[in-house]
Amino acid sequence: MRYINASALLPDALVKELQGYVQGAYIYVPVAPAQQKHWGEASGYRQELRQRNRQITEAYRQGTPVEQLAERYCLSVHAIRKIIYQK
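Residues numbered from 1 in each chain as written. Predicted model: local features only at pLDDT ≥ 70, side-chain atom pairs only at ≥ 80, totals over all residues. Heavy atoms only, no water.

## Section: the overall build of the chain
Cut-off, in case you're wondering: A run of DSSP states H or I qualifies as a helix once it reaches four residues; a run of E qualifies as a strand once it reaches two. Both are numbered from the N-terminal end. Atoms counted for the radius of gyration: C-alpha only. Globule rule: 2.2 Å times residue count to the power 0.38. Exposure is judged per residue with a 1.4 Å probe applied to protein chains only, and the accessible area is read against the type maximum: over 50% gives exposed, under 20% gives buried, and values in between give partly exposed. The contact rule is simple, with two residues in contact once any of their heavy atoms fall within 4.5 Å. Under the convention used here, a 1.4 Å probe and the Shrake-Rupley method define accessible areas, while residue burial counts only the protein chains that appear. Neither His nor the chain termini are counted; the positive set is Lys and Arg, and the negative set is Asp and Glu. Note that the charge is assigned to NZ on lysines, CZ on arginines, CG on aspartates and CD on glutamates.
When helices and strands are counted, the chain shows 5 helices and 0 strands. When its helices and strands are written in sequence order, the chain yields α-α-α-α-α. A globule of 87 residues ought to have a C-alpha radius of gyration of about 12 Å, yet the chain, at 24 Å, is considerably larger. Structurally, the chain occupies a C-alpha span of about 70 × 20 × 20 Å along its principal axes. Relative to its 87 residues, the chain shows a buried fraction of 16%. When contacts within the chain are restricted to residue pairs at least 6 apart in sequence, long-range pairs at least 24 apart make up 25% of them. Counting only carbon and sulfur atoms, one obtains 52% of the accessible surface of the chain, whose full area is about 7,700 Å². Side chains of the chain carry 12 positive and 7 negative charges; the gap between the two charge centres is 5 Å.

## Considering the side chain of Thr 64
Considering the arrangement of structural elements, one finds Thr 64 in the loop between α3 (45-61) and α4 (66-73). For Thr 64, a relative accessible area of 15% translates into the label buried. Once residues lying within four places of it in the same chain are set aside, the contact partners of Thr 64 are Ala 59, Leu 69 and Arg 72.

## Structural notes on the nonpolar core
The line we're drawing: Buried Ala, Val, Leu, Ile, Met, Phe, Trp, Tyr and Cys residues form a nonpolar core when they are joined through side-chain atoms within 4.5 Å.
Ile 56, Ala 59, Val 66, Leu 69, Ala 70, Ile 80, Ile 83 and Ile 84 together form the largest nonpolar core, which totals 8 residues. Of all the secondary structure elements, the ones that give two or more residues to this core are α3, α4 and α5 (77-85). The contacts of Ile 56, once residues within four sequence positions are left out, are Leu 69, Tyr 73, Leu 75, Ile 80, Ile 83 and Ile 84.

## Quick notes on the packing of α3 against α4
Angle between the axes and distance between the axes are the two parameters that describe a pair of packed helices. How we decide: Axes, fitted as lines to C-alpha atoms, cover a helix only where it is in contact. Angles between the N-to-C directions of the axes lie from 0 to 180 degrees. Small angles under 35 degrees read as roughly parallel and large ones over 145 as roughly antiparallel, with 65 to 115 read as roughly perpendicular and the rest as oblique. For a crossing to be left-handed, the near helix must be turned anticlockwise from the far one by less than a right angle; the clockwise case is right-handed.
As a packed pair, α3 and α4 sit with axes 10 Å apart at the nearest point and diverge in direction by 150°. Comparing the axis directions of α3 and α4 gives the class roughly antiparallel. By crossing handedness, the relation of α3 to α4 is classed as right-handed. Along the contact surface, α3 presents Arg 52, Gln 55, Ile 56, Ala 59 and Tyr 60, while α4 presents Val 66, Leu 69, Arg 72 and Tyr 73.

Function cannot be read off these values alone, since they describe shape.
Right under this line is the structure:
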């Protein structure tokens, strides 16, 4: 995260109002709830995990043993079972 000088971004009146509360400090302005993204959405990793989990479930349905799936995907047997039996 990079910092932006408030006087370069905000109107003078708003900068003066903020200075009444805080001066020379960093302020974090959170993202509006309507624009927040869930974990992994910005990078696309969430979608990658969904695809991987679908592949694991499909392979299991086609007869691949849980132990083999665990080895192939570098996951524990317990993690594979959680993926298979979710929902």
